[in-house]
Every structure is written in structure tokens, then in C-alpha cells.
Amino acid sequence: MTIFPRNRRRSAAASAAVALAALATLATTAAPASASVPTAAAVAAPATATPSAPATATPSALALPRPTGPYATGRDALLLTDHARPDPWAPDAGPRRLSVTLHYPARPGTGGDPAPYLAEEEARLMLAQRGLDDPAWPGLVSAARTHARTAAAPAPGRFPLVVLSPGFGTPRATLTGLAEELASRGYVVASADHPYETTGMELPDGRVLPCAACDAVDAQPDEAGRRKVLAAVSTGRAADVSFLLDRLTGPRPVWRHARTIAPHRIGMAGHSIGGNAAASTMAADRRVDAGVNLDGTFFDPVSARGLGGRPFLMLGTEPGHGPGGGDTSWDEGWARLDGFKRWLTVRDSGHFTFTDTPEIGEQLGIVDPGAPLSAARSTTITRAYVTAFFDRSLRGRPARLLDGPSPAHPEVLFRHP
């Protein structure tokens, strides 16, 4: 698919095609590959739809949709260093580090102002790499209004933990809306940026880490080489998440509100390569009780031994991720999943439907003729099915939404190959 900024020529997106070949992209992506890394054919393919009418003005402010759960939400941040492991993409840089945002159920009326969406330099790099170079946009995206308050007092009780992992080349901020929704419904949510795997990760001292893993993918001579590197991204993220769980739920947790986590109720969800990483992590770490893949290719295949009977949800695009569709790794993965499982696809969706991209994009006047599903429906569907799955898997609650098609969500198809 190809996304066009309104009031811009199509050549603006095309000019970024070479750089986008190794990155998660707003400008173009191959739906069957679903790894945030378009194939050469997809980059070159012309659009088949016409961009919608120009926007009348640049928005004065951007905002994420308000979470719908009963809890107020708090937000905290950690920078963690794994001294036992050198960074796989930049060994000379020293130990592997993780930048983590924590969203959690909070006491109403506590905390400071809601945090910015992401650092302005991170926003600039993400937009520039996608050929979106309006000088006003990085500041707008960076300052997009979120709803979780910094330094908020945690709500009483202990809550399941959900780890979120973003798409390849994409900051963790793009899953903020889902993180806030889950926190408002009684989950602690840890969203991780994996260093050297995003367009730019800003450290507290202002340094920005580039996407060395993107360069590694781009340097491969063929598709087999690219898939091998992306499989290593997925298994490397599994090691990241195991380290993160050690630091959040181990005997000496680093987070000041770690007592709010129920350490024996842990789930993981991810978009694109982050969804593959959810399965990779479950194969490597028994502490993760349930997983969700949001439109990600299984470059690291689901284990032939299954996942020990643990539940897994595959939620993706239609038709690209339907049975027998362009991504055969879903057919193979489905056959190996050995616990409660659901395979759902969404009509009129695109690869980034399951992130904040539709909400931010609509407000900036960016259109995707290949994914006509509205931002409101994208958000509602993603929130509803991911929350229902974790409610069932981590809390033992009934989840009728997962029993079959729902009149409230006619775009969602239940696939049973």
C-alpha cells in the first residue's frame, strides 16, 4: 500500500523508497510480508487508489483517543542496562540497553501533566525516514496529547503485566494508545524500545541511537538473508524481554511501583516484528502466559513443540493475513499453536491499523488509500480484541467477543483453516 500526505505530490513518497526498504514505514509497506520491511516490488508498485481531498489546515494539536477503562493511568520511564549481554547490533557500544515506558492503573487526581508522546528528535527522524518532511510535524507529533500522568500514585492492588514490543524501525510510542487503554483496564504495561532497531532512540543525555539493525537488513543480498536477520531481531527481543522481566519481577526489582505487578500473570503483545517476538519470547521464557501477534510475519517460526498449551492471538490484515494468503508463516504458525488460539483478520485494514498511526495520520491529513478503515474503528477493534484476549488469558474472565463474529465489529473475520 502507499500512503500519501494530502497536498503533496506522489513523488515525495517515492523518493523515500530506497531508505524505506529496511524500515517500518508510513509511506509504503508490503502487506503479505508484514514485517514493517517492504519488498522491492511493493516499494515500486504504483498506488491503485486516489488520495482523498486536501486537508483545509494543519492541525493545531494532536491527541490520542481517551482510554475507556475505569482506572486513571500513570506513566513512568526506565533505562535499563543488561551488563551480561553486549548489544548485538553495535557491540562496540557496550552492553545492551532498553528504554522502557511503564503505564499503570493510578489513583485519580494524582500525578503531574500527561507526558509528551515522544521526543521531538525521535519524531523528526521517524517522519523524515518516511518522506514526511513538513517542518511543523515533528513538534506536533512529539507534543500529541496523551492521557497518562507522570508520577501518579498507583492504584491499590496487584495487576497483570503486559509487555508491548513495537514494529521494526518504529518507536515504542506508536503503541501508546493501546498501553493507556490496557492500563485503564487494570494492567501494568511495559513498552520497550529495543536499541538500534528503531529510526532513532534518544537517551537521557540527548544522544540518539541509529537503526543499525535496519542497515543490517538492507545490506543483505537476497530475501533469505533479510529473513535471517529479522529472525535474529525477534529472538534478540526475546532476550530483551526476559531481562526486562528479571528487572521488573525479580527479587530486587528496579521499578519503584513493582509491588503493583502480579508476577505470575504476564502477557506480551507486539506489532509486526514485535508480534513475532511475542511468540519467540514465549518459546524461550515460561513466565509469559499469553501472547498476541498484531500483523507480524513469523520470521522466527513458532516452535515445532508449540507453546506449552499457552494461549495466543493472531490479529492481522485482510486478505494478506488470511489462511492461504500472502504470509504463509501464519498458516504454519497456526498449525503449531497448541493452546487456546484465535486467528482474526480485519477488513479494510493496513499493516499499521493496530498502532497509533491511523489516529495521528488522520489528524495530520495523511491518507492511506489501501487501508480505508477509519482511525476510530481501527482503535476500537484493536482495543476490544486485545483486551478481551488478555482478560480471558490472564484473569480468567469470560470473553464472548472471542467466541465468534460480533455484530458490533463486522470488519473482524474469524479464520479457521
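Please read these numbers as outputs of a predicted model, since none were measured by experiment.

Undergrad: Which parts of the structure should I look at to understand the overall build of the protein?
TA: Counting its regular elements, the protein contains 12 helices and 14 strands. Every one of the 417 residues in the protein was classed for burial, and the buried ones make up 59%. Taking the contacts inside the protein whose residues are at least 6 apart along the sequence as the reference set, 74% of them involve residues at least 24 apart. As displayed, the protein offers around 15800 Å² of accessible surface, 53% of which is attributable to carbon and sulfur atoms.

Undergrad: It is not clear to me how the packing of aromatic side chains should be interpreted in this structure. Could you clarify?
TA: Centre distance and the angle of the planes are the two values used to describe a pair of aromatic rings. Considering all chains together, one arrives at eight aromatic pairs under this definition. Between Tyr 71 and Phe 159 the ring centres are 5.6 Å apart and the planes differ by 85 degrees, which places this aromatic pair in the edge-to-face class. A residue pair is termed long-range when its members are at least 10 positions apart, and Tyr 71 in the loop between α3 (40-44) and β2 (72-86) and Phe 159 in strand β5 (residues 159-165) qualify at 88 residues. The interplanar angle of 45 degrees and the centroid separation of 6.3 Å between the aromatic rings of Phe 298 and Phe 312 together place this pair among those described as tilted. Within this pair, whereas Phe 298 is found in the loop between β10 (290-294) and β11 (312-317), its partner Phe 312 is found in strand β11, the two being separated by 14 residues in sequence. Neither residue differs from the other here; Phe 298 and Phe 312 are each classed as buried. Taken together, the aromatic side chains of Phe 298, Phe 312, Trp 330, Trp 334 and Trp 343 make up a single cluster linked through ring pairs. Against the face of Phe 340 rests Arg 392, its NZ or CZ located 3.6 Å from the ring centre.

Undergrad: How should empty space enclosed by the protein be read in this particular structure?
TA: Taken as a whole and assessed by the stated rule, the structure comprises two cavities of 30 Å³ or more. Considered as a void within the structure, the largest cavity measures approximately 90 Å³ in volume. Elements with a minimum of two residues in the lining of the largest cavity: α6 (176-184) and α12 (375-395). If you tally residues by element for the lining of the largest cavity, the top one is α12, at four residues.

Undergrad: For this particular structure, what's the right way to read the nonpolar core?
TA: Side chains of nonpolar character tend, in soluble globular proteins, to be buried together. Val 100, Leu 248, Trp 255 and Phe 312 are the most contacted members of the largest nonpolar core, which totals 39 residues. The residues touching Trp 255, leaving out its near neighbours within four places in the chain, are Asp 76, Leu 78, Leu 102, Tyr 104, Val 188, Arg 247, Leu 248, Thr 260 and Ile 261. Residues Leu 164, Leu 178, Val 346 and Leu 394 belong to the second largest nonpolar core, which totals 30 residues.

Undergrad: Please clarify how the sheet that holds strand β3 (residues 95-106) should be interpreted in this entry.
TA: Backbone-to-backbone hydrogen bonds pair the strands of a sheet. The strands run either parallel or antiparallel. The sheet built from 10 strands is open, its strands ordered β4-β2-β3-β6-β5-β9-β10-β11-β12-β14 with mixed pairing. A strand with exactly one partner marks an edge of an open sheet, and here the two such strands are β4 (149-150) and β14 (412-414). With five bridges connecting them, strand β9 (residues 261-271) and β10 associate as parallel partners. For Gly 267, the partnering residue across the bridge sits in β10 and is Ala 290. Each of β2, β3, β5, β6 (188-193) and β10 is contacted by α6, which is oriented at about 45 degrees to β3, the strand it contacts most. Across the sheet, helix α10 (residues 328-336) is in contact with β10, β11 and β12 (341-346); its angle to β12 comes to roughly 155 degrees.

Undergrad: How should I be thinking about α12 in this particular structure?
TA: One turn of an α-helix holds 3.6 residues; hence residues three or four places apart share an orientation. Compared with an ideal rise of 1.5 Å per residue, which puts 21 residues at 30 Å, α12 spans 29 Å between its outermost C-alpha atoms and is within 8% of the ideal. With 15 of 21 residues buried, α12 lies mostly within the body of the structure.

Undergrad: Help me understand the pairing of β11 in this model?
TA: Along a regular strand, successive side chains alternate from one face of the sheet to the other. Counting buried positions along β11 yields six of six residues, so the element is predominantly enclosed. Note: β10 against β11, four bridges, orientation parallel. Note that in β11 the partner of Leu 294 across the bridge is Leu 315. In the sheet, β11 pairs with β12 via six bridges, with the strands oriented parallel. Paired with Leu 315 across the strands is Leu 344, a residue of β12. Running through α10, the crossover from β11 to the neighbouring parallel element β12 is right-handed.

Undergrad: What's the story with the environment of Leu 62 in this structure? I'm lost.
TA: Within the element layout of this structure, Leu 62 appears in the loop between α3 and β2. Linking Leu 62 and Ile 360, residues 298 residues apart in sequence, is a C-alpha distance of 6.8 Å. Discounting chain neighbours no more than four positions away, the residues touching Leu 62 are Leu 140, Val 141, Ala 144, Arg 145, Ile 360, Gln 363 and Leu 364.

Undergrad: Explanation requested: the pattern of salt bridges in the structure shown.
TA: Pairing is possible between side chains that carry opposite charge, provided their charged atoms lie close to one another. Counting across every chain of the model gives 18 salt bridges. Between Arg 96 and Glu 197 there is a salt bridge, with its nearest N and O atoms 2.9 Å apart. Taken as a pair, Arg 96 in strand β3 and Glu 197 in the loop between β6 and β7 (201-202) lie far apart in primary sequence, 101 residues in all. When its relative accessible area of 1% is taken as the criterion, Glu 197 is described as buried. Notably, a salt bridge pairs Glu 121 with Arg 124, separated by 2.7 Å at the nearest N-O pair. Here Glu 121 and its partner Arg 124 are both found in helix α4 (residues 120-129), three residues apart, which amounts to about one turn of the helix. You can call Arg 124 partly exposed: its relative accessible area is 37%.

Undergrad: What's the story with the packing of helix α11 (residues 357-364) against α12 in this structure? I'm lost.
TA: Helix packing for two helices is described by the angle between their axes and how far apart those axes are. Two elements in contact, α11 and α12, have axes whose closest approach is 8 Å; the angle formed by their N-to-C orientations is 165 degrees. When the interaxial angle is binned, α11 and α12 end up roughly antiparallel. Considering the relative orientation of α11 and α12, their crossing is left-handed. Between α11 and α12, the contacting residues are Pro 358, Glu 359 and Glu 362 on the first element and Ala 375, Ala 376, Ser 378 and Thr 379 on the second. Looking at side-chain class alone, the contact of α11 with α12 contains three nonpolar, two polar and two charged residues.

Thresholds applied
- Residues numbered from 1 in each chain as written.
- Predicted model: local features only at pLDDT ≥ 70, side-chain atom pairs only at ≥ 80, totals over all residues.
- Heavy atoms only, no water.
- Helix = DSSP H or I, 4+ residues; strand = E, 2+ residues; numbered from the N terminus.
- Buried < 20%, exposed > 50% of the residue type's maximum accessible area, 1.4 Å probe, protein only.
- Contact = heavy atoms within 4.5 Å.
- Areas by Shrake-Rupley, 256 points an atom, 1.4 Å probe, with all protein chains shown as cover.
- Phe/Tyr/Trp six-rings, centres within 6.5 Å; stacked < 30°, edge-to-face > 60°.
- Lys NZ or Arg CZ within 6 Å of the ring centre and 35° of its normal.
- 1 Å grid on protein atoms, 1.4 Å probe; cavity = no way out; pocket = protein on both sides within 12 Å on 5 of 7 lines; lining within 4 Å.
- Points joined across faces, edges and corners; volume = space filled by probe spheres on them.
- Core = buried A, V, L, I, M, F, W, Y, C linked by side-chain atoms within 4.5 Å.
- Pairing = 2+ DSSP bridges.
- Axes fitted to C-alpha atoms, helices over the stretch in contact; angles between N-to-C directions.
- Expected span 1.5 Å × (residues − 1).
- Right-handed = clockwise from strand over helix to strand, strands pointing away.
- Salt bridge = Lys/Arg side-chain N within 4 Å of Asp/Glu carboxyl O.
- Parallel < 35°, antiparallel > 145°, perpendicular 65-115°, else oblique.
- Left-handed = near helix turned anticlockwise from the far one by under 90°.
- Nonpolar A, V, L, I, M, F, W, Y, C, P; charged D, E, K, R; others polar.

Fair warning: the whole summary comes from geometry, so function is off the table for now.
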